[in-house]
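The lines below spell out each chain.
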Amino acid sequence: MDKLFSLDDLLIKIGSRPERINFWAVLVVKSEDMIFTVSDLEDTLEIFIESPIAVISGENGARELVEKVEKAIQEYILLWQLEAWDLADWHSFDGFRSRLDKGKKGGLILLTEQSTHSLMRYCPNFASWLGAKVFDFEKDAELLTKEETNLRLDALQKWAKLSSDQVIKMAEKRQLPHDPEYAEWLILLNRGDLLEQQK
Amino acid sequence: MSNRNSWEEMSIEIQKRSVVNTPLEIKSAKNLRAEILKALNIALDEKILLTELHEILKLLKLQASSVIKQKGYSEIMGGEKNSNRNELIPHFKLNNGCWFDFAITIDETVSPAEIIAFDFEIRYPPEISNWFLRFDLNTPNHENDNKNMRFHFHPNNEDIQIHSPPMSPLEILHLFLYGIKIPEKQRS
């Protein structure tokens, strides 16, 4: 398995050579993070690739998935939902490797740890073709850490000479000033509900 | 058109023109953050930006506060909060010595998502002068919209506010990266 890859790492890696996106890689994602990861990638990858991307589900088996890939007009493709595949699907997928390798198309195959093992075990040709392009996804690397959040809250308290409690009380009374810093403050306190009340 | 009331009326009109024409609707906070990351990465490749890639990734952060399920308000932060203009606080640095930071608030409870506030500030290198330029978009206020100055800039003075041209955060970022020069006279 390659090192941890965040969303930013992926964007920079793929976007640094948008003219050469015709390679496939596997992104190993926790099952509970899968939907959000697909949505985040869909939202951001096209900015770096500079063309639309296709998201194709494998829920109806390997044959249908490969047919959809071949029909897709987009050159960059996200494949996901391969978790319910049986042995026959994985063997078929291995046989389809050369069909994925045609033309300019490339993309990411999003798998859980379990389905990555299945791919490695039952798709030897595919696994050897992928080589080292298997990345373990690091979720939420772009989010502030607790320490960074506290640092920012300290800076805001010094700037306004107010405590976070005072800011919350002011927001509850709809007396919060409209400077952008106060909106940021409420978000850092995870009190977006109070911003909603200001509407 | 020479009295105070006239200026206030004009101010309302100017603000309306400015805010209505500012592109504030976006696909999502993550999408905008990716656009910003791309712009910073290109500026780094062009050697306009001196901040290294690993520092860019450390400075460009996102925070969310959900209101309804996964939808809520998000903050994109570029650089640490720096209200005292302390050069030791992490920020983005340009090859001409200018340095900047920013923060953007996004409402994702509505569709399409909307930028509702931001602040962008750029400063000259301290060895040249204390000059700064800051753009502020305040949160909406349906009563008087912040004395008709919701979207304004500070031209090197905290107490002076001028209506901003209708620039999106990405356009302001590009202004900072490519449009702010230090006159030779000032350098010498």
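In this report, we go over the structure that sits alongside the text. Every value quoted in this text rests on a predicted model; they were computed, and no experiment measured them. (Residues numbered from 1 in each chain as written. Chains lettered and ligands numbered in written order. Predicted model: local features only at pLDDT ≥ 70, side-chain atom pairs only at ≥ 80, totals over all residues.)

### Remarks on the overall build of chain A
At step 1: A tally of regular secondary structure across chain A gives 11 helices and six strands.
At step 2: Against the compact-globule benchmark of 16 Å for 199 residues, chain A has a radius of gyration of 22 Å, which places it well outside the compact range.
At step 3: Expressed along its principal axes, the backbone C-alpha trace of chain A runs to roughly 65 × 30 × 30 Å.
At step 4: Pairs at least 24 apart in sequence give 72% of the contacts found in chain A among residues at least 6 apart. (Helix = DSSP H or I, 4+ residues; strand = E, 2+ residues; numbered from the N terminus. Rg over C-alpha atoms; globule rule 2.2 N^0.38 Å. Contact = placed C-beta atoms within 7 Å.)

### As for the sheet that holds strand β2 (residues 24-28) of chain A
Residue and element names in this part refer to chain A.
At step 1: One open sheet holds the six strands; their spatial order is β1-β6-β2-β5-β4-β3, and the pairing between them is parallel. The open sheet terminates on both sides in strands that have one partner only, identified here as β1 (4-6) and β3 (53-57). Taken pair by pair, the neighbouring strands of this sheet meet at an average axis angle of 30 degrees, ignoring direction.
At step 2: The pairing of β2 with strand β5 (residues 106-111) spans five bridges and is classified as parallel. Its bridge partner lying in β5, V26 is registered against I109.
At step 3: Sitting on the sheet, helix α2 (residues 34-49) is in contact with β3, β4 (76-80), β5 and β6 (134-138), with an inclination near 175 degrees to β4. (Pairing = 2+ DSSP bridges. Axes fitted to C-alpha atoms, helices over the stretch in contact; angles between N-to-C directions.)

### What about helix α3 (residues 62-71) of chain A?
At step 1: Burial in α3 of chain A covers these residues: A62, L65, V66 and V69 of chain A. For α3 of chain A, the angular spread of the buried residues around the axis is 95 degrees, confining them to a single face. (Buried ≥ 20, exposed ≤ 12 C-beta atoms within 10 Å, placed from the backbone. Arc of directions from axis to C-beta.)

### Description of unusual backbone geometry
At step 1: Of note, the amide linkage connecting S111 of chain B to P112 of chain B takes the cis form, showing an omega dihedral of 0 degrees.
At step 2: Its identity is not glycine, yet E50 of chain A carries a phi of approximately 65 degrees, on the positive side.
At step 3: The topology assignment puts E50 of chain A in the loop between α2 and β3.

### With respect to the nonpolar core
The tendency in soluble globular proteins is for nonpolar side chains to be buried as a group.
At step 1: Among the nonpolar cores identified, the biggest contains 90 residues, and L79 and L110 of chain A together with I106 of chain B are the most heavily contacted of them.
At step 2: Residue contributions to this core reach at least three from each of two domains, namely domain 1 (4-138) and domain 2 (146-191) of chain A.
At step 3: With near-sequence residues (within four places) excluded, L110 of chain A lies in contact with L27, V29, M34, T37, V38, L78, L79 and W80 of chain A. (Core = buried A, V, L, I, M, F, W, Y, C linked by C-beta atoms within 7 Å. Domains from an automatic or database assignment.)

### Side note on the packing of helix α1 (residues 7-15) of chain A against helix α2 (residues 29-45) of chain B
At step 1: Packing of α1 of chain A against α2 of chain B brings their axes to within 11 Å, and their N-to-C directions diverge by 50 degrees. The angle between α1 of chain A and α2 of chain B places the two elements in the oblique class. The handedness of the crossing between α1 of chain A and α2 of chain B comes out as right-handed. Contacts between α1 of chain A and α2 of chain B involve D8, L11, I12 and G15 of chain A on the former and, on the latter, A34, L37, K38 and N41 of chain B.
At step 2: Looking at the contact of α1 of chain A with α2 of chain B residue by residue, the classes come out as four nonpolar, two polar and two charged. (Parallel < 35°, antiparallel > 145°, perpendicular 65-115°, else oblique. Left-handed = near helix turned anticlockwise from the far one by under 90°. Nonpolar A, V, L, I, M, F, W, Y, C, P; charged D, E, K, R; others polar.)

### So, the interface of chain B and chain A
At step 1: Contacts between the two partners involve 38 residues from chain B, matched on the other side by 34 residues from chain A.
At step 2: Secondary-structure elements contributing two or more residues to the side of chain B that touches chain A are α2, α3 (53-59), β2 (60-68), β3 (71-78), β5 (99-107), β6 (113-123) and β7 (132-137) of chain B.
At step 3: The greatest single-element share of the side of chain B that touches chain A, amounting to eight residues, is contributed by α2 of chain B.

### Let's talk about the pairing of strand β8 (residues 151-155) of chain B
The side chains of a regular strand alternate, first on one face of the sheet and then on the other.
Residue and element names in this part refer to chain B.
At step 1: Two strands pair when backbone bridges link them, and β7 and β8 are joined in this way by five bridges, in the antiparallel orientation. Along β8, the bridge assignment pairs L133 with P155.
At step 2: Bridging between β8 and strand β9 (residues 162-163) involves two bridges; their strand directions are antiparallel. Bridging from a neighbouring strand, H152 pairs with H163 of β9.

### Side note on the environment of R97 of chain A
All names here are of chain A.
At step 1: Looking at the element boundaries, R97 is found in helix α5 (residues 97-100).
At step 2: Sequence separation between R97 and C123 is 26 residues; the distance between their C-alpha atoms is 9.1 Å.
At step 3: Beyond its immediate stretch of four places on either side in the chain, R97 contacts N125, F126 and W129.

### Topic: the environment of E142 of chain A
At step 1: Position of E142 of chain A among the secondary structure elements: in the loop between β6 and α8 (146-160).
At step 2: With 20 C-beta atoms counted inside 10 Å, the residue E142 of chain A sits in the buried group.
At step 3: Aside from chain neighbours lying at most four places away, what touches E142 of chain A is S6, L7 and D8 of chain A together with R33, K61 and L62 of chain B.

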